[in-house]
Amino acid sequence: MLKDITFGQYFPGDSVIHRLDPRIKLILTVAYIALLFVADGMIPLLFSILLAALAYALSKLSWKLVLRSIKPIMPIVIFTAVLNIFFIDGEPLFEWGFIKITDRGVLTAALMCVRIISLIAGSSLLTYTTTPIALTDGLERLLKPLTKIKVPVHELSMMMTIALRFIPTLIDETGKIISAQKARGADMESGNAIQKAKALIPILIPLFISAFRRADELALAMECRCYRGGEGRTRLRQLKMAGRDWVAVLVVAAFFAGVILLNIYGPGVMRL
């Protein structure tokens, strides 16, 4: 399961999506998330998913990445679906004792599941196609107006990017610790919920120690290289908008307009 967590990883490439300005990718990712929640029916939602499919096709990444990014969240998706199916009122489709399944509950469950899966798959594309350094620069440039009110924009951007960068590292470290504990005879699969929770202690303690050690080593390395962020810092690569960036903005705007039109004039079926 741990090896299926791909969020935060970067996969090198030379596609159109890889070469987009990181500022544009950040803005369009937020716009896509908003698009998923603006869609109030299955047809507008499927239309917005088409945008993510187009982006993945242009990025030339393997579709297996989408499945790997979705697999770890399936328990959350199933739990959300169950809650919506059994606890939302509407026209009953099935009734047995206190168990009641309604048409509105089934529709809401389907919409929520598709929305969550699309949210994870679409937002993961940002880290798949953007290096941590480019992500830091883009986020810092977008938040630069906040420096007028003394917000430490550079430090916040650096912390967020380092956190994303270390997600794959910590996942890999967790897998190594689990393998080491199993080799020592640790049983992490049998027993009740309390016993399984106690079995996590030999994993969490070394993981926390390793995380703090890596953080200390990173801070020491930055100090040894005389790293001083913030005002006056120069950059090797300057961010410049290109024609492909404006085309990407227009495409997302067109999809946004399409979803709004489908919400207003689309068919009433499969709509909450």
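My aim in this report is to walk through the structure given alongside it, one point at a time. Computed from a predicted model, the values in this text were never measured in an experiment.

Moving on to the overall build of the chain. Scanning the chain from terminus to terminus reveals 10 helices and 2 strands. In sequence order, the chain lays out its α and β elements as α-α-α-α-β-β-α-α-α-α-α-α. For the chain, buried positions account for 34% of its 272 residues. Summarising the internal contacts of the chain: among those between residues at least 6 apart in sequence, 74% fall at separations of at least 24. Approximately 16800 Å² of the chain is accessible, and the part contributed by carbon and sulfur atoms is 69%.

Moving on to the side chain of S59. Note that S59 resides in helix α2 (residues 42–59). The exposure class assigned to S59 is buried, which follows from its relative accessible area of 2%. Setting aside chain neighbours within four positions, we find S59 in contact with S15, I17, H18, L125 and T129.

Applying the stated criterion to the full structure yields 3 salt bridges. A salt bridge links D21 to R23; its shortest N-O distance comes to 2.8 Å. Like D21, the residue R23 is buried in the burial classification. The residue R214 makes a salt bridge to E173 at a minimum N-O spacing of 3.1 Å. With R214 in helix α9 (residues 201–224) and E173 in helix α7 (residues 153–183), this residue pair connects regions lying 41 residues apart in the sequence. What makes R214 partly exposed here is its relative accessible area of 28%.

This brings us to helix α4 (residues 74–87). Relative to the 20 Å expected for 14 residues at 1.5 Å per residue, α4 spans 20 Å between its end C-alpha atoms, a close match to the ideal helical length. V77, T80, A81 and N84 are the residues of α4 that are buried. The buried residues of α4 all sit within an arc of 100° when viewed along its axis, so they share a single face. The exposed set on the far side of α4, more than 90 degrees from its buried face, consists of P75, F79 and F87. Residues of α4 that are buried in the fold lie against α5 (103–128).

Our focus in this paragraph is the packing of α2 against helix α10 (residues 243–265). At their nearest, the axes of α2 and α10 sit 8 Å apart, and the two run at 165° to each other. Considered as vectors, α2 and α10 are oriented roughly antiparallel to each other. Between α2 and α10 lies a crossing whose hand is right-handed. Residues I43, P44, F47, S48, L50, L51 and L54 of α2 form the contact with α10, whose own contacting residues are V251, V252, F255, G258, V259, L262 and N263. Residue composition of the contact of α2 with α10, by class: 11 nonpolar, 3 polar and no charged.

What follows is about the packing of helix α1 (residues 22–38) against α10. Contact geometry of α1 with α10 gives a least axis separation of 11 Å together with a crossing angle of 10°. Taken as axis vectors, α1 and α10 run roughly parallel relative to one another. Note on element contacts: α10 touches α1 through D245, A248, V249, V252, F255, F256, V259, I260 and N263, opposite I24, L28, A31, A34, L35 and V38. Looking at the contact of α1 with α10, its residues break down into 13 nonpolar, 1 polar and 1 charged.

Calculation criteria
- Residues numbered from 1 in each chain as written.
- Predicted model: local features only at pLDDT ≥ 70, side-chain atom pairs only at ≥ 80, totals over all residues.
- Heavy atoms only, no water.
- Helix = DSSP H or I, 4+ residues; strand = E, 2+ residues; numbered from the N terminus.
- Buried < 20%, exposed > 50% of the residue type's maximum accessible area, 1.4 Å probe, protein only.
- Contact = heavy atoms within 4.5 Å.
- Areas by Shrake-Rupley, 256 points an atom, 1.4 Å probe, with all protein chains shown as cover.
- Salt bridge = Lys/Arg side-chain N within 4 Å of Asp/Glu carboxyl O.
- Expected span 1.5 Å × (residues − 1).
- Arc of directions from axis to C-beta.
- Axes fitted to C-alpha atoms, helices over the stretch in contact; angles between N-to-C directions.
- Parallel < 35°, antiparallel > 145°, perpendicular 65-115°, else oblique.
- Left-handed = near helix turned anticlockwise from the far one by under 90°.
- Nonpolar A, V, L, I, M, F, W, Y, C, P; charged D, E, K, R; others polar.

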